[in-house]
Amino acid sequence: DAKTTQPPSMDCAEGRAANLPCNHSTISGNEYVYWYRQIHSQGPQYIIHGLKNNETNEMASLIITEDRKSSTLILPHATLRDTAVYYCISGYSTLTFGKGTMLLVSP
Amino acid sequence: SAVISQKPSRDICQRGTSLTIQCQVDSQVTMMFWYRQQPGQSLTLIATANQGSEATYESGFVIDKFPISRPNLTFSTLTVSNMSPEDSSIYLCSVEKGSKNIQYFGAGTRLSVL
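Quick summary incoming for the structure in this document. Because the structure is a prediction, the values reported are computed rather than measured.

Parameters and conventions
- Residues numbered from 1 in each chain as written.
- Chains lettered and ligands numbered in written order.
- Predicted model: local features only at pLDDT ≥ 70, side-chain atom pairs only at ≥ 80, totals over all residues.
- Heavy atoms only, no water.
- Pairing = 2+ DSSP bridges.
- Helix = DSSP H or I, 4+ residues; strand = E, 2+ residues; numbered from the N terminus.
- Axes fitted to C-alpha atoms, helices over the stretch in contact; angles between N-to-C directions.
- Phe/Tyr/Trp six-rings, centres within 6.5 Å; stacked < 30°, edge-to-face > 60°.
- Buried < 20%, exposed > 50% of the residue type's maximum accessible area, 1.4 Å probe, protein only.
- Polar contact = N/O pair within 3.5 Å; in protein donor to acceptor, adjacent residues only side chain to side chain.
- Contact = heavy atoms within 4.5 Å.

### Thoughts on the sheet that holds strand β3 (residues 19–25) of chain B
Residue and element names in this part refer to chain B.
Item 1. Taken together, 4 strands build an open sheet; the order of strands is β1-β3-β8-β7 and the sheet is antiparallel. For this open sheet the edge positions go to β1 (4–7) and β7 (68–72), each flanked by a neighbour on one side alone. Across the sheet, the axes of successive neighbouring strands diverge by a mean angle of 15 degrees, strand direction being ignored.
Item 2. Both β3 and strand β8 (residues 75–80) contribute to a ladder of 6 bridges, which runs antiparallel. Residue Gln24 lies in a different strand from β8, and its bridge partner there is Phe75.

### Describing the packing of aromatic side chains
Item 1. Using the criterion set out here, one finds 11 aromatic pairs over all chains in the structure.
Item 2. For the ring pair Tyr46 of chain A and Tyr104 of chain B, a centre distance of 6.2 Å and an interplane angle of 65 degrees mean the geometry is edge-to-face. Placement of Tyr46 of chain A in strand β4 (residues 45–50) and of Tyr104 of chain B in strand β10 (residues 102–105) is noted, with the two residues assigned to different chains.
Item 3. Given a relative accessible area of 18%, Tyr46 of chain A falls into the buried group.
Item 4. The exposure class of Tyr104 of chain B is buried, given its relative accessible area of 18%.
Item 5. These aromatic residues form a ring-pair network of at least three members: Tyr36, Tyr46, Tyr87 and Phe97 of chain A together with Tyr35, Tyr104 and Phe105 of chain B.

### Here's the deal with unusual backbone geometry
Apart from glycine, the bulk of residues carry a negative phi angle, and the bulk of peptide bonds sit in the trans form.
Item 1. Following Lys7 of chain B, the chain continues to Pro8 of chain B via a peptide bond in cis, the omega torsion being -10 degrees.
Item 2. The topology assignment puts Pro8 of chain B in the loop between β1 and β2 (10–13).
Item 3. The phi torsion at Ser41 of chain A lies on the positive side, around 70 degrees, for a residue other than glycine.
Item 4. Relative to the assigned elements, Ser41 of chain A resides in the loop between β3 (32–38) and β4.
Item 5. Positive phi values are uncommon outside glycine, yet Arg68 of chain A reaches one of about 65 degrees.
Item 6. Relative to the elements of secondary structure, Arg68 of chain A occurs in the loop between β6 (61–64) and β7 (70–75).
Item 7. On the basis of relative accessible area, Arg68 of chain A is assigned to the buried category, the value being 9%.

### Points about the pairing of β6 of chain A
Residues and elements named next belong to chain A.
Item 1. One ladder, built from 2 bridges, connects strand β5 (residues 55–56) with β6; its direction is antiparallel. Residue pairing in the sheet places Glu55 in a bridge with Leu62 of β6.
Item 2. Connecting β5 to the antiparallel partner β6 that follows it, the hairpin turn spans 4 residues.
Item 3. As paired strands, β6 and β7 are joined by 4 bridges and run antiparallel to one another. The partner of Ile63 across the bridge, within β7, is Thr72.
Item 4. Hairpin geometry of β6 and β7 is characterised by an intervening segment of 5 residues between the two adjacent antiparallel strands and by a positive phi of about 65 degrees at Arg68.

### Re the side chain of His49 of chain A
Item 1. Residue placement: His49 of chain A occurs in strand β4.
Item 2. A residue is classified by how much of its surface remains accessible, and His49 of chain A, at 16% relative accessible area, is buried.
Item 3. One polar contact links His49 of chain A to Tyr46 of chain A, side chain to side chain, over a distance of 2.6 Å.
Item 4. Setting aside residues no more than four positions away along its own chain, His49 of chain A makes contact with Tyr32, Val33, Tyr34, Glu55 and Leu62 of chain A together with Lys100 and Ile102 of chain B.

Spelled out as structure tokens, the structure:
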């Protein structure tokens, strides 16, 4: 079973920030938090990962709480092409995919 | 990152036959993975394939049904044997690159079994 909990779906207006929450309360000390997304009919795409500190790259920002039991993926300016299923995964080597969050970005 | 090519991209097969899916990566990697994604579901890990050793299968998956080859550091195959309609899924390969165990995925093989 997946070790993370995510809302099944979220909506976001184009151009606004999308904030996707994830609960990983059983995460171990050496496990990372990974975020992937899967656009329809494509393979999953790596977005970002973190251990303790907040991270930012060209795609998104990752905010991890101090106790590491939850995190938020932020897409600062969502576009229609960001419509996808977003998976939050905690682990070290193998990835266990949960059901993810279906993010729908609307005009 | 890594560029991963999977072949075929899709196929329609008759029950009782077998299909071999190929996964080619543009650089040498130690760990490759095979996943299954059943219709409307999330991804499930089938096995981990390291070059030079037997593949490690997850619970519920067996070598007789899903034999895997890993002849070198850039290539792997997954065979779906004696197929039934329940094997209709998307099969994806991924590779691990970098020091933080990030995986990069192919586009997948969409299999339909009649």
